[in-house]
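# Secondary and tertiary structure notes
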Amino acid sequence: MDQTESLIVKQLKEGQERAYKYLYDRHYQVLCYVAAQYVKDDFLAETIVGDVIFHLWEVRETLSITTSLRSYLMTSVRHRCMDILKSQQNKREVPVSAVGLQDFPEFSLFRQDEYPLGRLLEQELEGEVMKSINRLPEDCRRVFSMSRFDEKKYEEIAHELQISVNTVKYHIKHALTLLHEDLGKYL
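## Points about the overall build of the chain
Each helix and strand counted, the chain has eight helices and zero strands in total. The helix and strand sequence of the chain, counted from the amino end, reads α-α-α-α-α-α-α-α. Burial analysis of the chain (187 residues in total) assigns 34% to the buried set. For the chain, contacts bridging at least 24 residues in sequence account for 60% of all contacts bridging at least 6. Of the roughly 11,700 Å² of accessible surface on the chain, a fraction of 51% belongs to carbon and sulfur atoms.

## Thoughts on the pattern of salt bridges
Evaluation of the coordinates by the stated rule reveals nine salt bridges. Among the salt bridges present, the one from Lys169 reaches Glu46, with a minimum N-O distance of 3.9 Å. Of this pair, Lys169 sits in helix 8 (residues 165-183) while Glu46 sits in helix 3 (residues 42-58), placing them 123 residues apart in sequence. As a salt-bridge pair, Glu138 and Arg142 come within 3.1 Å of each other at their nearest N and O atoms. Residue Glu138 and its partner Arg142 are located together in helix 6 (residues 138-148), separated by four residues, close to a single helical turn. Arg142 gets classed as partly exposed once you look at its relative accessible area, which sits at 34%. Residues participating in the shared-partner salt-bridge network are Glu138, Asp139 and Arg142.

## Focus on the environment of Leu179
Mapping Leu179 onto the fold places it in helix 8. For Leu179, a relative accessible area of 0% puts it in the buried group. Separated by 49 residues in sequence, Leu179 and Met130 have C-alpha atoms that sit 10.0 Å apart.

## Regarding the confidence of the model for the chain
Of the residues in the chain, 79% have a pLDDT of 70 or more, and the chain-wide mean is 79. Counted against residues more than four places away or in other chains, residues 92-101, with its pLDDT under 50, gives 23 contacts. Note on residues 103-112: pLDDT is under 50 here. Beyond four places in sequence and across chains, it has 15 contacts.

## Overview of the side chain of Ser132
For Ser132, the position within the fold is in helix 5 (residues 116-134). Take Ser132: its relative accessible area is 2%, and that puts it in the buried class. Beyond its immediate sequence surroundings of up to four residues, Ser132 is in contact with Leu179, Asp182 and Leu183.

## Quick notes on the nonpolar core
Ranked by internal contacts, the top residues of the largest apolar core, which has 27 residues, are Leu12, Ile48, Val49 and Val77. Those elements that provide at least two residues to this core are helix 1 (3-13), helix 2 (17-39), helix 3 and helix 4 (69-90). No other element matches the nine residues that helix 2 contributes to this core. Filtering out sequence-adjacent residues up to four positions away, Val49 remains in contact with Tyr28, Leu31, Cys32, Ala35 and Val77. Residues Leu125, Tyr154, Val168 and Ala175 belong to the second largest nonpolar core, which totals 16 residues.

So, how was this worked out
- Residues numbered from 1 in each chain as written.
- Predicted model: local features only at pLDDT ≥ 70, side-chain atom pairs only at ≥ 80, totals over all residues.
- Heavy atoms only, no water.
- Helix = DSSP H or I, 4+ residues; strand = E, 2+ residues; numbered from the N terminus.
- Buried < 20%, exposed > 50% of the residue type's maximum accessible area, 1.4 Å probe, protein only.
- Contact = heavy atoms within 4.5 Å.
- Areas by Shrake-Rupley, 256 points an atom, 1.4 Å probe, with all protein chains shown as cover.
- Salt bridge = Lys/Arg side-chain N within 4 Å of Asp/Glu carboxyl O.
- pLDDT = per-residue confidence, 0-100.
- Core = buried A, V, L, I, M, F, W, Y, C linked by side-chain atoms within 4.5 Å.

This is how it looks when you write it as structure tokens:
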């Protein structure tokens, strides 16, 4: 590790935000590219990289890096990608991108008008989705709604709410996790 990186690690341990910003500015794009090669999903790749960099900040006081920062970050991102890929093999995740059953082909038979039971089931599921969204923590619900229903980009949400893009990503990820847990029996 060179002197600049040693200084960055030292500043990270001290809680200096400029060191965190340096990591983000210097390594984010490359790490996103690497993650996207593993998971084949740009949004997921960005989330993984954001999580890895944010985790560094959370554990900064006990941080011990003996390799270059980029090598450390690449290894962390690769491990996180592998964990995600393993978990996706074990379960089929259904993203909650919109309210409705249009993304669930298994219900296509019931969507036809001659199946009143299908319409009832669809209405019930939509109601449960909305109840679940309403149970989200307030900030999380606000960010999720702005993203999914108002179709705002993360940068727009961050600017409007005066929070960081990483905070927006955290709220979206948290919302999807809670919704998946809450609606798991329906999916």
